[in-house]
Amino acid sequence: GKVLFESGTLGTQANSSVHIPHKTPSYAQGSPPGEGQGIAMCTMTNFPYEPIHCIEWSRTMFGQMFEDGPAAYEDFRKAGVDKFLEKVESNEAEGLPKLQSALKWAELA
């Protein structure tokens, strides 16, 4: 048989698994379950099929709204506009959501 490399949603296993004939479980048997992998974000947001998925999604949303937002605002307030924007520009992937969150909380303050 040939080695099969499958990529999918496997959480902390880097979204991939290798299936080697007679050495690892076959593709049909599935991947070995990992300890403490958690729930894949795409399952929670797109295909929640268990109550725990909704609970974890709401915890994540709560954290983004009421933990990350105030923390971003505090960074903004303490660092000042120029230094905060410098930080945001250095990491664009995280920077824009952090800036938007800080501005929302600045409007509330």
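An account of the accompanying structure is given in this report. (Residues numbered from 1 in each chain as written. Predicted model: local features only at pLDDT ≥ 70, side-chain atom pairs only at ≥ 80, totals over all residues. Heavy atoms only, no water.)

**A word on the overall build of the protein**
Here is step 1 of the chain: If you tally the helices and strands in the protein, you get three helices and two strands.
Here is step 2 of the chain: Secondary structure elements of the protein, listed N to C terminal, follow the sequence β-β-α-α-α.
Here is step 3 of the chain: Burial statistics for the protein: of 109 residues in total, 17% are counted as buried.
Here is step 4 of the chain: Relative to all contacts within the protein whose residues are 6 or more apart in sequence, the contacts with residues 24 or more apart total 22%.
Here is step 5 of the chain: Counting only carbon and sulfur atoms, one obtains 58% of the accessible surface of the protein, whose full area is about 8,400 Å². (Helix = DSSP H or I, 4+ residues; strand = E, 2+ residues; numbered from the N terminus. Buried < 20%, exposed > 50% of the residue type's maximum accessible area, 1.4 Å probe, protein only. Contact = heavy atoms within 4.5 Å. Areas by Shrake-Rupley, 256 points an atom, 1.4 Å probe, with all protein chains shown as cover.)

**Comments concerning the pattern of salt bridges**
Here is step 1 of the chain: Applying the stated rule across the entire model yields four salt bridges.
Here is step 2 of the chain: Where E74 meets K78, a salt bridge forms, and the shortest distance between an N and an O atom there is 4.0 Å. Of this pair, E74 and K78 both sit in helix α2 (residues 51-90), four residues apart, roughly one helical turn.
Here is step 3 of the chain: Classification of E74 as partly exposed rests on a relative accessible area of 27%.
Here is step 4 of the chain: A relative accessible area of 65% means that K78 is categorised as exposed.
Here is step 5 of the chain: One network of salt bridges, in which partners are shared, links E74, R77 and K78. (Salt bridge = Lys/Arg side-chain N within 4 Å of Asp/Glu carboxyl O.)

**Some thoughts on the side chain of S101**
Here is step 1 of the chain: Structurally, S101 is set in helix α3 (residues 92-108).
Here is step 2 of the chain: In this structure S101 touches D68 and G69, once residues within four positions along its chain are discounted.

**Details of the layout of surface pockets**
Here is step 1 of the chain: By volume, the largest pocket is sized at about 370 Å³.
Here is step 2 of the chain: Along the wall of the largest pocket there are 16 residues; nearest its centre are Q64, M65, G69, P97 and S101.
Here is step 3 of the chain: Elements with a contribution of two residues or more to the lining of the largest pocket: α2 and α3.
Here is step 4 of the chain: With nine residues, the single largest contributor to the lining of the largest pocket is α2.
Here is step 5 of the chain: Residue composition of the lining of the largest pocket, by class: eight nonpolar, four polar and four charged. (1 Å grid on protein atoms, 1.4 Å probe; cavity = no way out; pocket = protein on both sides within 12 Å on 5 of 7 lines; lining within 4 Å. Points joined across faces, edges and corners; volume = space filled by probe spheres on them. Nonpolar A, V, L, I, M, F, W, Y, C, P; charged D, E, K, R; others polar.)

That is the geometry; function is a separate question.
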